[in-house]
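# Inside the fold
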Amino acid sequence: AQEGDTVSITAEANKGYKLDSLTVAPKDGGEEVTVTDGSFIMPASDVVIKAEFSLITYSITHQDDGVTYELGDSTIFHYGDSVTVELTAPEGKAILSLKLTTVSDGQVTTLAADANGRYSFKMPADDVILSAELGALHVITVSDEITNGVIEVSEGNALEGKLKKVIPRSEE
């Protein structure tokens, strides 16, 4: 560029980062050149353009639904972080699923528990709200007066693995 030319510059942060500062300075030292609305007037020397970016910190909040949400030791979350949530349902309730809602656009993602009952996700580039879907936990009691047969109880998909009792067949 020649001295006096208007030079446009654009600095775009990667996902999960924000632009902190954008500076233009003469290459051989001197006073910074003023950048206004993404452009500057070329001085009578070569210039160096610098941009500084920083990680954006996102928050995870949850509904006040009686569920205990355990997120480990971290209270600071960045885009791409692995997040694991452990839930404890209030008495008489079972956790059916966990919903993650992104704050900026309201997009809802339903998370399923792993084999250990934990829920995991990659932190999006947004604040999130967690909410547990609860169901009633009903007790299934198999009579201990059963003879000459077997009863096997499986509660189905919603509470898979939570209740199962096998009564051995009596000798005939």
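The sections below set out a description of the structure shown in this document. (Residues numbered from 1 in each chain as written. Predicted model: local features only at pLDDT ≥ 70, side-chain atom pairs only at ≥ 80, totals over all residues. Heavy atoms only, no water.)

This paragraph deals with the overall build of the chain. The helix and strand tally for the chain stands at zero helices and eleven strands. Helices and strands appear in the chain in the N-to-C order β-β-β-β-β-β-β-β-β-β-β. For the chain, the residues scored as buried account for 24% of the 172 residues in total. Expressed as a percentage of contacts within the chain between residues at least 6 apart in sequence, the contacts between residues at least 24 apart total 56%. Split by element, the accessible area of the chain, about 11900 Å² in all, is 45% carbon and sulfur. (Helix = DSSP H or I, 4+ residues; strand = E, 2+ residues; numbered from the N terminus. Buried < 20%, exposed > 50% of the residue type's maximum accessible area, 1.4 Å probe, protein only. Contact = heavy atoms within 4.5 Å. Areas by Shrake-Rupley, 256 points an atom, 1.4 Å probe, with all protein chains shown as cover.)

In this section: the sheet that holds strand E5 (residues 60–62). The pairing of strands in a sheet happens through backbone hydrogen bonds and is either parallel or antiparallel. With respect to topology, four strands assemble into an open sheet ordered E5-E11-E8-E9, the strand pairing being mixed. The open sheet has two free edges, formed respectively by E5 and strand E9 (108–111), since each of these has just one partner strand. If you compare each strand with its neighbour and ignore which way they point, the axes differ by 30° on average. Looking at chain direction, strand E8 (residues 93–102) and strand E11 (residues 128–136) are connected through nine bridges and run antiparallel. (Pairing = 2+ DSSP bridges. Axes fitted to C-alpha atoms, helices over the stretch in contact; angles between N-to-C directions.)

Any two side chains of opposite charge can pair, on the condition that their charged atoms come close. Under the criterion given, the structure shown has two salt bridges. Between Lys99 and Glu133 there is a salt bridge, with the nearest N and O atoms lying 3.9 Å from each other. Placement of Lys99 in strand E8 and of Glu133 in strand E11 is noted, with a sequence separation of 34 residues between them. Lys99 sits in the partly exposed class, given a relative accessible area of 27%. Here Arg118 ties to Asp114 by a salt bridge, and the two come within 4.0 Å at their closest N and O atoms. Given the relative accessible area of 29%, Arg118 is considered partly exposed. Asp114 gets classed as partly exposed once you look at its relative accessible area, which sits at 35%. (Salt bridge = Lys/Arg side-chain N within 4 Å of Asp/Glu carboxyl O.)

Looking now at the environment of Lys18. Mapped onto the secondary structure, Lys18 falls in strand E2 (residues 17–26). The spatial distance from the C-alpha of Lys18 to the C-alpha of Ile56 is 6.4 Å, given a sequence separation of 38 residues. For Lys18, the residues in contact, after removing those within four places along its chain, are Ala13, Glu52, Phe53, Ser54 and Ile56.

Alternating positions in strand E10 (residues 118–122) separate cleanly, Tyr119 and Phe121 being buried on one face and Arg118, Ser120 and Lys122 remaining unburied on the opposite face. Bridge analysis of strand E7 (residues 82–88) against E10 gives five bridges, and the strand direction is antiparallel. Counterpart to Ser82 in the pairing with E10 is Lys122.

This part is about unusual backbone geometry. Across the chain, the bulk of peptide bonds are trans and the bulk of non-glycine residues have phi less than zero. Its identity is not glycine, yet Asp37 carries a phi of approximately 50°, on the positive side. Accessibility expressed as a relative area gives 81% for Asp37, which makes it exposed.

Its place among the elements puts Ser54 in strand E4 (residues 47–55). For Ser54, the side chain forms a polar contact with the side chain of Asp20, separated by 2.8 Å. What Ser54 contacts, discounting residues up to four positions off in sequence, is Gly16, Tyr17, Lys18 and Asp20. (Polar contact = N/O pair within 3.5 Å; in protein donor to acceptor, adjacent residues only side chain to side chain.)

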